[in-house]
Structures are given as structure tokens and as C-alpha cells.
Amino acid sequence: MSHRSFVWLCLLPLAVLTAAFFLLPMARLVVTGAAGPQGLAGYLAILTEPRYRATLLNTVLLATATTIVTLIVATVTGMFLQRHRFPGRAVLIATLTFPLAFPGVVVGFMIILLAGRQGLIGDFSNRVLGEKLVFAYSIYGLFLGYLYFSIPRVILTIMAAVQKLDTGLEEAARSLGASPWAVQRDVVLPALAPAFVASGAIAFATAMGAFGTAFTLATNIDVLPMLIYTEFTLAANFSISAALSVGLGIITWLILALARSFSGSAVAAAG
Amino acid sequence: MSAQAGHGASVRIEACGKTFADGTRALEPATLEIARGETLVLLGPSGCGKTTMLRIIAGLELPDAGGRVLFDGKDMTAVPIERRNVGMVFQSYALFPNMTVSDNIGYGLKIRGVPKKERAARVAELVALTNISGLENRRIDQLSGGQRQRVALARAVAIRPGILLLDEPLTALDAALRDRLRGELNRLLRALGITTIYVTHDQSEAMELGDRVVVMQKGKIAQIGTPREIYFTPNSRFVAEFIGAANIVEAAIENGHLVLPGGCQPIDGDANMPAAVAMIRPETIRVMAAESAPLSGIIDSVSFIGDRQRLVVSGVSNRSLTVDAPNTVRAKSGERIGLSISPDAVRLLPPES
């Protein structure tokens, strides 16, 4: 056996696994999506059918809002945690990263305990305002849940990026007369841009596709993963749910690619 | 603009010490005066407190209670760096990677609200002065080390600072480039005529650039003087050994002579002490035939350097003696050699406290 064919043979298990668990199901999904009564047009339903389109828009808005708020909270927190040493810092960081250990179902459960009908916020507002504030089962509850599990992922990336910042850059800007705000605007935030794109992409993709939390909070939340689930299990509409799945993947991927190229050109334009 | 503006501010630091939060004493309280337009070099090995002193003057560190920093007689101790009007060049250069060369140089002017046109004119002036024409639109990662150094200097000078602070600006460069840029930097600093404080651990940089040199050791000022004073009349063994090559000789004194194993060496002045520690520079020792020489010893090794040769001679003093001989002298290790030293080349050092 030649050296070359030996290497090819070693690649065989990988090829089999990839084919069995990735390529074949993908291909099947794509085929199923086009197998409905509308044929290939089923793929356009995600854009043309008003209910689907509204759900798509909802999902993108929710994921965008989650990403932006997560980045703001995580940047401020991450910068503080990386730059300051105080008693209990290690414990605080460990606590902040704790949500990573929870599945979406548990996060949803916690949101219900906080903002549900018997929740903490409802009890409190009932006593103070005489009115029960309940938002766990709406898109706001879902937003809170997504924030909860996006922040730890982003914080860790931001902290690593802040640690690698050359403090000399900030000192140089200050020596040239820059106020603390100007230093952040002109030096620190541009230097963190790659970390924002990388961790923001993860937060966005997670928020686009997360299912467990939405399913737990359920009832009247219109997001794509929930729509796919109902079309699939309740309506047994295989072709539409397959088309929606492919659409969800492509749209998420497109938005991430756009964000990356935009931030890339922004860096090039500034530099 | 006043007549003094081009020459910057005078600096006085009073009883400035620095103790860090963990209790390490980086700098013993020190007082130092720097005249307007003077170039002062802070020289010493790493950890001697020179960078801490620079950062106190810059406003990046606060001195311990009781310390004061004055620019032109005005107390600046509580003024943060962004309002001290100092130009600073960092060892890493700290150029902004998200800006072009000209945006880097113009950043301080932009912050000060200087109009675009005026800013461009000033940037062009500095690009010409620092010899980096053609690089204006480059990104920082497209520059060589030497080019970065020039951009960093141009950026610091662009704001017409009262004081220019340089923290080991040549250390990151390779040796050949460092030598070339040292000369260039020297001409530039003379041309600017601005008050400059320059931190380095390299004694040849200190010699070439400094009007005065402050030699520091373990957080204390060991000696302040012109490069000549520091070289020829060091006041301690540390300074003698840190600046240039030095032979340190311990010997008894009799009738104005050092009594050495290899002979007697006359010394200047009235040294009415029984023993002394003396410094002799290698280039002040003359080589001659052993028979007629006042001192003699055995050559241990000969290193041919090119413009001279360096001999290590044992048996003359308590320790082997380094001698710089002309490159024409024929010397072989193992041979006996004669040495003579002029009395005024022997510098007696005060006893170690």
C-alpha cells in the first residue's frame, strides 16, 4: 500500500461520519423542503407568507436586540472585571459564567419563577403598585432568558480581549490630551472590535436558533424555532418545516457574514 | 507664541518617592531639577526606578505623599497626564493600530480641536522632520521598527509639548539600527531644543544624548553629572562599573603610591589613608616592555577587536586587569608584559558605605 492511499484510507472514517450525520440529513432536509404541494416555491414561503415573514422578522429583531444588549452589558462588566482586583472577584466571575451550565429549559423555568404568574416581580409589583406585572410568557421574557445565557459567553471573550490590550495605547492617547471618553472611543473600542464580532456572532446565532427556553415559556411567542416545531409536530407539515429550517440556517448565516464583512471594511476604512 | 515656547518648560521634582500597593519601594524620595531645553537621561539597570520617575513626571503615577512635581514653578502633582501637555514616546511605541500614520501623528491636534487644514500642515511638517515621507497613509502594521519609532516621536512632538518624555525608545530595535537612529535622534532633539527626559539602560545612549545623566541604582540616585563627569569621576564603584569598562583595584597606600603585587603605582593628591579602592579605565593603561615598566604582569588572554585589542593581565593587582592596547602591539598570552598608568588616570573611590 502506498503512503498516499494509506492517508486516504485514514480519512475514510471521517468521510463516513460526515456523510451519515451531516451531508445526508442536510440533503434530505433540502429535498423535503421542495417536496410540498408548492414545490420549490415552498422555500419562498418564509418570505411571502405573511405569518412566516412576521415570525422571521420577530426572530431577527429579538436576536439583534439580544446581541446588542449583551455586548453592552458584557463589555462594561468584562472591562471592569479584567481591570480591577477586589475580594470575591473570582467567585463573581464563576457565578457569572454559571448559566453556561444550564439547558434552555432550566433558563425558561427560572424566567417563569422571576416574571411568571407566581413570580417574584409579580409579587413585588402587586404589593407596591397593586398590579401584577407578568411578562415571562411574552417575547420580553424570552429576551430576558436569552440575555441570561448570552452574557456569560460574551463576557469571557471580552475579558480575554481586554487582557491582551496594550495599556500603553491608552496611556499614549491620554498623553496626547484625550479625555477618558475619547480614549474609550478612539482606542479601546476599536481594539476590541474583533472580539465584538466574534462573540456577537455566537450570541446572535444562539438567539436565532434557541428552542428550549421558548418552548418552556411557550404559548404566544412567535419565533422561528417554535414555528418549525408546530408545523412539524402539530400540523405534520414536513415540507414547510424543512423549508423553514433551511431558511433559518441560511438567513442566520447571511446576517453573520454581512456583519463580519461590514466590521472588516470598517476596520480597513479606519486604518 | 512666546519666545520660550519652542524650548518647553523647566521641571522640578521634589521629594518624589513611590511605594506600590504591595509595599515595594520603587523609588526613594528624590529631588531633581531639569532646566528649560535640557536633555536629561535617567540611566540604570532594570528595576532601578528610572521608569517610575519618568511616569511620575508624566502624570501616569502619583508620587507618595509629600512629593511634588513642578513645571515652570507651577505645582502639577494633582494634574492628570491629559492636561500636562507632555509628549511621550513609549518603549512599545503604542501607535494606534486602527489609524494611519498621519492620523496617529495628528491625533493630539484633533483632540485639541485644531482645524483640519492646520492639522494637515503640522503633520506634513513632522513627516518631513522625521524623514518618513511616503508613509502617511500606511497602516501601523505595515511599518518597520525604525519607522514606527519615528512615527511615535512625530506624534509626541506634534502637540508642541512643554516636555518630551522618552521611555527606552530605541530598546526594541536591533543593534545596527539602534546606533544609526541614536545619532539621528540626537540631531533631532538638539534641533527641537525642547526639555527632554530620556530613560535608558544603555550607557552609550546616555553618553551621546544627555546634557546631564542621572545614574540610578535600586530606587536611588547614585550620581548626577555631565557624561564626562560620570565617566571620568564616578563617585562610587557602582557608577564606575556601570559606565564603560572599569578596573577596580583594592590596594594599600604608602607614600602616595598604590602598593600592588605587580609594582608601585603613583597616585595624584594627598591620599592620607592606609588603603583605597581605585578605578582605572582600560584605555588609560599604556603597554611597554616589561624590564623598564613600573608595573608588570602575565598576559592571560588577547582579544583582537579591530580598532584595538583587549588584554587581560594577571599578577598586577589583586584582580586581573583589563587593558586596551593599540592594535599594532604584538602580544601573546602567557608572556610577561609591562604597564604604565598616569597618576591622574587613577580615580580613588570613596569607601563603600
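Everything quoted here is computed from the prediction, not taken from an experiment.

Rules of the game
- Residues numbered from 1 in each chain as written.
- Chains lettered and ligands numbered in written order.
- Predicted model: local features only at pLDDT ≥ 70, side-chain atom pairs only at ≥ 80, totals over all residues.
- Helix = DSSP H or I, 4+ residues; strand = E, 2+ residues; numbered from the N terminus.
- Buried ≥ 20, exposed ≤ 12 C-beta atoms within 10 Å, placed from the backbone.
- Contact = placed C-beta atoms within 7 Å.
- Axes fitted to C-alpha atoms, helices over the stretch in contact; angles between N-to-C directions.
- Parallel < 35°, antiparallel > 145°, perpendicular 65-115°, else oblique.
- Left-handed = near helix turned anticlockwise from the far one by under 90°.
- Nonpolar A, V, L, I, M, F, W, Y, C, P; charged D, E, K, R; others polar.
- Pairing = 2+ DSSP bridges.
- Core = buried A, V, L, I, M, F, W, Y, C linked by C-beta atoms within 7 Å.
- pLDDT = per-residue confidence, 0-100.
- Expected span 1.5 Å × (residues − 1).
- Right-handed = clockwise from strand over helix to strand, strands pointing away.
- Arc of directions from axis to C-beta.

(A) Broad picture of the overall build of chain A. Looking only at helices and strands, chain A has 12 helices and zero strands in total. Going residue by residue from the N terminus, the α and β elements of chain A occur as α-α-α-α-α-α-α-α-α-α-α-α. Overall size of chain A, expressed as C-alpha extent along the three principal axes, is 75 × 65 × 35 Å. For chain A, buried positions account for 32% of its 271 residues. The long-range share in chain A, meaning contacts at least 24 apart out of those at least 6 apart in sequence, stands at 71%.

(B) Representation of the overall build of chain B within the structure. In terms of regular secondary structure, chain B is built from eight helices and 20 strands. Each principal axis of the C-alpha atoms in chain B carries an extent, and together these give about 80 × 45 × 40 Å. Looking at chain B as a whole, 41% of its 353 residues qualify as buried. When contacts within chain B are restricted to residue pairs at least 6 apart in sequence, long-range pairs at least 24 apart make up 66% of them.

(C) How the structure looks around the packing of helix α2 (residues 101–111) of chain B against helix α3 (residues 116–129) of chain B. Residue and element names in this part refer to chain B. For the pair α2 and α3, the least separation of the axes is 9 Å and the interaxial angle reads 130°. When the axes of α2 and α3 are compared, the pair comes out oblique. Taken as a pair, α2 and α3 cross one another with a handedness that is right-handed. Contacts from Ser102, Ile105, Gly106, Leu109 and Lys110 of α2 reach α3 at Arg119, Arg122, Val123 and Leu126. Residues that form the contact of α2 with α3 fall into these classes: four nonpolar, two polar and three charged.

(D) Geometry of the interface of chain B and chain A. Facing the 20 residues of chain B at the interface are 17 residues of chain A. At the level of secondary structure, the elements contributing two or more residues to the side of chain B that touches chain A comprise β6 (86–89) and α2 of chain B. Ranked by residue count, the leading element in the side of chain B that touches chain A is α2 of chain B, at three residues. Of the residues contributing to the side of chain B that touches chain A, the split by class is 13 nonpolar, four polar and three charged.

(E) Quick look at the pairing of β6 of chain B. Residue and element names in this part refer to chain B. Burial along β6 is two-sided: Val86 and Met88 and Gly87 and Val89, pointing in opposite directions, are all buried. In this sheet, strand β7 (residues 163–167) lies alongside β6 in parallel orientation, the contact comprising four bridges. Looking across to β7, one finds that methionine 88 is bridged to leucine 165.

(F) Structural detail: the environment of arginine 347 of chain B. Residue and element names in this part refer to chain B. Residue position: arginine 347 is located in strand β20 (residues 346–349). The spatial distance from the C-alpha of arginine 347 to the C-alpha of proline 161 is 41 Å, given a sequence separation of 186 residues. Those residues in contact with arginine 347 that lie beyond four places of it in its chain are Thr233, Ala278 and Met279.

(G) Spotlight on the nonpolar core. Residues Val41, Leu42, Ile57, Leu165, Ile197, Val214 and Leu339 of chain B are the most contacted members of the largest nonpolar core, which totals 102 residues. What leucine 339 of chain B contacts, discounting residues up to four positions off in sequence, is Ile285, Arg286, Val287, Ala293, Leu295, Ser296, Gly297, Val313, Val316 and Val323 of chain B. Counting residues in each nonpolar core, the second largest holds 46 residues, with Ala74, Leu192, Leu217 and Ile221 of chain A among its members.

(H) Local environment of the sheet that holds strand β2 (residues 25–34) of chain B. Residue and element names in this part refer to chain B. A sheet is described by the order of its strands in space; here four strands give the open sequence β2-β1-β4-β5, paired in antiparallel fashion. Each having just a single partner strand, β2 and β5 (74–75) make up the two edges of the open sheet. Judged from the four bridges that link them, strand β1 (residues 11–19) and strand β4 (residues 68–71) form a sheet pairing that is antiparallel. Of the residues in β4, the one forming a bridge with isoleucine 13 is valine 69. On top of the sheet, helix α1 (residues 50–58) reaches β1, β2 and β4; it is set at about 120° to β1, its chief contact.

(I) Region of interest: the confidence of the model for chain B. Residue and element names in this part refer to chain B. Put simply, chain B has an average pLDDT of 89, and 97% of its residues get 70 or more. The low-confidence segment residues 1–6, where pLDDT is below 50, has three contacts with residues more than four positions distant or belonging to other chains. ipTM for the predicted complex: 0.82, alongside a pTM of 0.78.

(J) Region of the structure containing unusual backbone geometry. All names here are of chain B. Even without being glycine, alanine 94 reaches a positive phi, approximately 50°. Tracing the backbone through its elements, the reader meets alanine 94 in the loop between β6 and α2. Taking the number of C-beta atoms within 10 Å as the measure of exposure, alanine 94 has 24 and is therefore buried. A positive phi angle, near 45°, is found at glutamate 168, a position not held by glycine. Following the sequence through the fold, glutamate 168 ends up in the loop between β7 and α5 (175–192).

(K) Seen up close, helix α4 (residues 145–158) of chain B. All names here are of chain B. For α4, with 14 residues, the first-to-last C-alpha span of 20 Å sits near the 20 Å given by 1.5 Å per residue. Taken together, the buried positions of α4 are Arg148, Gln149, Arg150, Val151, Ala152, Leu153, Ala154, Arg155, Ala156, Val157 and Ala158. Lining the buried residues of α4 we find β6, α2, α3, β7 and α5. Of the residues flanking the end of α4, it is arginine 160, one or two places downstream, whose phi is positive at about 50°.

(L) Up close: the pairing of β7 of chain B. Residues and elements named next belong to chain B. For β7, the buried fraction is high: five of the five residues fall into the buried class. Residues Ile163, Leu165 and Asp167 point to one face of β7 and Leu164 and Leu166 to the other, with burial holding for every one of them. For β7 and strand β8 (residues 195–200), the ladder comprises five bridges, and the chain directions are parallel. The residue of β8 that forms the bridge with leucine 165 is isoleucine 197. Regarding topology, α5 serves as the crossover connection from β7 to the parallel β8, and that connection is right-handed.

(M) Expanded view of the sheet that holds strand β3 (residues 39–43) of chain B. All names here are of chain B. The strand order across the open sheet formed by six strands is β6-β7-β8-β3-β9-β10, and the pairing between neighbours is mixed. With partners counted over all chains shown, the strands left at the sheet margins are β6 and β10 (220–225), one partner each. Strand-to-strand twist across the sheet, computed as the mean angle between neighbouring axes with direction ignored, equals 15°.

(N) Looking closely at helix α11 (residues 224–234) of chain A. Residue and element names in this part refer to chain A. Taken as a whole, α11 has its buried residues at Leu224, Pro225, Leu227, Ile228 and Glu231. End-on, the buried residues of α11 take up no more than an arc of 160°, which puts them together on one face. Among the exposed residues of α11, those oriented more than 90 degrees off its buried face are Thr230, Thr233 and Leu234.

(O) Structural context of the environment of histidine 257 of chain B. Considering the arrangement of structural elements, one finds histidine 257 of chain B in strand β12 (residues 257–260). Not counting residues up to four positions away in its chain, the partners in contact with histidine 257 of chain B are Cys264, Gln265, Pro266 and Ile267 of chain B.

(P) Summary view of the confidence of the model for chain A. Residue and element names in this part refer to chain A. Overall, the predicted model of chain A reaches an average pLDDT of 85, with 95% of residues at or above 70. Here helix α12 (residues 238–270) is the element of chain A with the lowest mean pLDDT, 75, and helix α8 (residues 167–175) is the one with the highest, 92. Low pLDDT, under 50, characterises residues 265–271; the predicted model gives this stretch 10 contacts beyond four residues in sequence or across chains.

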